[in-house]
Amino acid sequence: MTYPMSEAAVADTRRLNSKPQDLTDAYGPPSNFLEIDVYNPQTIGVGRNRFTTYEVRMRTNLPIFKLKESCVRRRYSDFEWLKNELERDSKIVVPPLPGKALKRQLPFRGDEGIFEESFIEERRVGLEQFINRIAGHPLAQNERCLHIFLQEESIDRNYIPGKVRQ
């Protein structure tokens, strides 16, 4: 036996009354955005004091960030610091960093090891994916260590962990 459907049981498929989109809406800035680029690697120093730094550029309109644009230089160990701080102080699952490449650091290699251009580019891509995954997480956006990493010229490793308030 079939029962007749009441009008209330049938989903309303009419379009919601929305205003037509104009060019400003279509091509204007998105309502919320957070863009982070890791680029311009530079190798500094000689011998055992040699390391590579990367520019980390952020653009956002999220109110939680006090600066809407920032650009800082960071090295791999700074990314490790951020990962360790988040693992210790936050409830988020922190994604892995690109590997340490220990074999590339062995002496007497026939190439530049961790200073080889192709390795630096591979690491740069991995660091960019890492920081974008973290910064895109709503809980991570409240962590002071992320704000320090993205917006402070130098990292204060003696900072007091905590949440950022809007």
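These notes cover the structure that comes with them. (Residues numbered from 1 in each chain as written. Predicted model: local features only at pLDDT ≥ 70, side-chain atom pairs only at ≥ 80, totals over all residues. Heavy atoms only, no water.)

1. What about the sheet that holds strand β3 (residues 69-75)?
Within a sheet, adjacent strands bond to each other through the backbone by hydrogen bonds, running parallel or antiparallel. Let me state the cut-off plainly: Paired strands, as defined in this entry, are two strands with at least two bridges between them according to DSSP. Elements are defined by DSSP. Helices are runs of H or I of four residues or more, strands are runs of E of two residues or more, and each kind is numbered from the N terminus. To obtain an axis, a line is fitted to C-alpha atoms, over the contacting stretch when the element is a helix, and the angle between two such axes runs from 0 to 180 degrees between their N-to-C directions. Residue contacts are defined here by distance: any two heavy atoms, one from each residue, within 4.5 Å place the two residues in contact.
Read across the open sheet, the three strands follow the order β1-β2-β3; overall the sheet is antiparallel. The two strands at the open ends of the sheet, each matched to only one other strand, are β1 (34-44) and β3. Looking at each pair of strands side by side, their axes are set apart by 20° on average, direction ignored. Relative to β3, strand β2 (residues 51-60) runs antiparallel, the two being bridged by seven bridges. Residue pairing for β3: E55 is matched across the bridge by R73. Against the sheet, helix α3 (residues 117-135) makes contact with β1 and β2, and its axis sits at roughly 150° relative to β1, the strand it touches most. Along the sheet, helix α4 (residues 144-151) makes contact with β1, β2 and β3, crossing β3 at roughly 90°.

2. Section: the packing of aromatic side chains
We apply this condition: Two rings belonging to Phe, Tyr or Trp (six-membered ring only in the last case) form a pair when the distance between their centres is within 6.5 Å. Interplanar angles under 30 degrees mark stacking, angles over 60 mark edge-to-face geometry, and anything in between is tilted. Burial classes follow relative accessibility: with a 1.4 Å probe on protein chains only, a residue under 20% of its type's maximum area counts as buried, one over 50% as exposed, and anything between as partly exposed. Charge-over-ring placement is defined geometrically: NZ (Lys) or CZ (Arg) within 6 Å of the ring centre, and within 35 degrees of the ring normal.
Summed over all chains, the structure comprises three aromatic pairs. Ring centres of W81 and Y159 lie 5.6 Å apart, and the angle between their planes is 70°; this geometry places the pair in the edge-to-face category. Taken as a pair, W81 in helix α2 (residues 76-89) and Y159 in the segment after α4 lie far apart in primary sequence, 78 residues in all. Assigned by exposure class, W81 and Y159 land together as buried. The lysine or arginine in question, R57, covers the ring of Y39, its NZ or CZ lying 4.4 Å from the ring centre. We note R74 situated over the ring of F149; from NZ or CZ to the ring centre the distance is 5.4 Å.

3. Thoughts on the pattern of salt bridges
Just so we agree on the cut-off: Salt bridges are defined as contacts in which a side-chain nitrogen from Lys or Arg sits within 4 Å of a carboxyl oxygen from Asp or Glu.
Counted according to the given criterion, the structure contains eleven salt bridges. Between K83 and E87 there is a salt bridge, and its shortest N-O distance comes to 2.4 Å. Placement of both K83 and E87 in helix α2 is noted, with a separation of four residues, approximately one turn of the helix. Residue E85 pairs with R88 through a salt bridge whose shortest N-O separation is 2.8 Å. Within this pair, E85 and its partner R88 are both found in helix α2, separated by three residues, close to a single helical turn. The class of E85 is buried, set by a relative accessible area of 8%. Linked by salt bridges that have partners in common, E85, R88 and D89 make up one network.

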